[in-house]
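Observations on the model geometry
Letter by letter, the chains look like this.
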Amino acid sequence: MASKTSTLKFFSLLICSLAIAEMAMAGDPDILSDFIAPPNGTVDGNFFTYTAMRVVFEEDEPKNFTVLKATSAEFPALNGQSVSYAVLEFPSGTTNPPHTHPRSAELLFLVDGTLEVGFVDTKNNLFTQTLQVGDLFVFPKGLVHYQYNADSQNSATAISAFGSASAGTVSIPSTLFATNIDDNALALSFKTDVATIQQLKAGLTPKP
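Residues numbered from 1 in each chain as written. Predicted model: local features only at pLDDT ≥ 70, side-chain atom pairs only at ≥ 80, totals over all residues. Heavy atoms only, no water.

Quick look at the pairing of strand β6 (residues 126-131) now. By the bridge criterion, six bridges tie strand β5 (residues 115-120) to β6 in an arrangement that is antiparallel. Looking across to β6, one finds that Val 117 is bridged to Gln 129. The loop that links β5 with its antiparallel partner β6 comprises five residues; one of these, Asn 124, has a positive phi angle of about 65 degrees. (Pairing = 2+ DSSP bridges. Helix = DSSP H or I, 4+ residues; strand = E, 2+ residues; numbered from the N terminus.)

Dropping the structure here:
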C-alpha cells in the first residue's frame, strides 16, 4: 500500500473518530455501571483497546470487498456502550450488496476514493448519492441500502459508525437465496420460474 494512501487513511481515521462517535444515534439499553466487565478476566487498558484495525495500514489492499468490524462480538468492551465501527474496503468495481442493519442507523464517512451509495425507504423511494472524499452519508435504521465502487481504476475506503454495539447485518441476497426458502415460494414472489431461482441460489453457494 502506498505511503501516501496510508498516511491519508491514518489522519482521516484520527480526525473523524470523535465526530462520528458523537453523531451516531444510540440504540442499546442503558447500563447501570460505567462499563460491563468480563466475568472472568482482568480489566485494564488492554480491555478497552482493539488492535485488529491495524491491518488496514499494514497489509496490501484486498482483492475483494472487505469489512473489518469492531462490534461487541469482536471487541467486548463495547458491550453496553451503544457504539460500534466498521472499516469498508472496496477494490475497484466491487460492491457491498443490499442489506439492512435492524438495530441501528449507519453513518458512513468516505476517506478514500469515490462511492455510489443508496437506500430505499418504506415507500419504495430510492435515495442515491455519489460520495467524494470527506463526505458523510446516513443510512436510516432498518432500511435496505448498498454501496458500490464504480471506479474501474481506483479503490475506495469508508468508515461506518453505528449507534449500537451490535447493529446486526441482514444480507438481502443471502437471506433470500442461501437459507433454503422454498424455490416455488421464491419463484412466485419474483414472478419467475424455479430454474431461475435455482441459478441464483447456485451463484451464492460458497465455492469449495
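Now that the structure has been shown, the text picks up again.
This brings us to the pairing of strand β7 (residues 136-139). Side chains Phe 137 and Phe 139 of β7 all project onto a buried face; the interleaved residues Leu 136 and Val 138 project onto a face where none is buried. In terms of strand pairing, strand β4 (residues 106-112) meets β7 through four bridges, oriented antiparallel. Within β7, the residue paired with Leu 108 across the bridge is Phe 137. (Buried < 20%, exposed > 50% of the residue type's maximum accessible area, 1.4 Å probe, protein only.)

Let us now look at a nonpolar patch on the surface. A surface patch of nonpolar side chains, about 230 Å² in accessible area, is lined by Phe 35, Val 43 and Phe 48. Structurally, Phe 35 can be placed in the loop between α1 (3-23) and α2 (55-58). (Patch = residues over 30% accessible without salt bridge, like charges linked within 9 Å, V, L, I, M, F, W, Y side chains within 5 Å. Areas by Shrake-Rupley, 256 points an atom, 1.4 Å probe, with all protein chains shown as cover. Salt bridge = Lys/Arg side-chain N within 4 Å of Asp/Glu carboxyl O.)

All right, on to the sheet that holds β6 then. Within a sheet, neighbouring strands are paired by backbone hydrogen bonds and run either parallel or antiparallel to one another. Strand order across the open sheet formed by five strands is β6-β5-β8-β3-β10, with antiparallel pairing between neighbours. Two strands close off the open sheet at either side, each with one partner strand: β6 and β10 (170-171).

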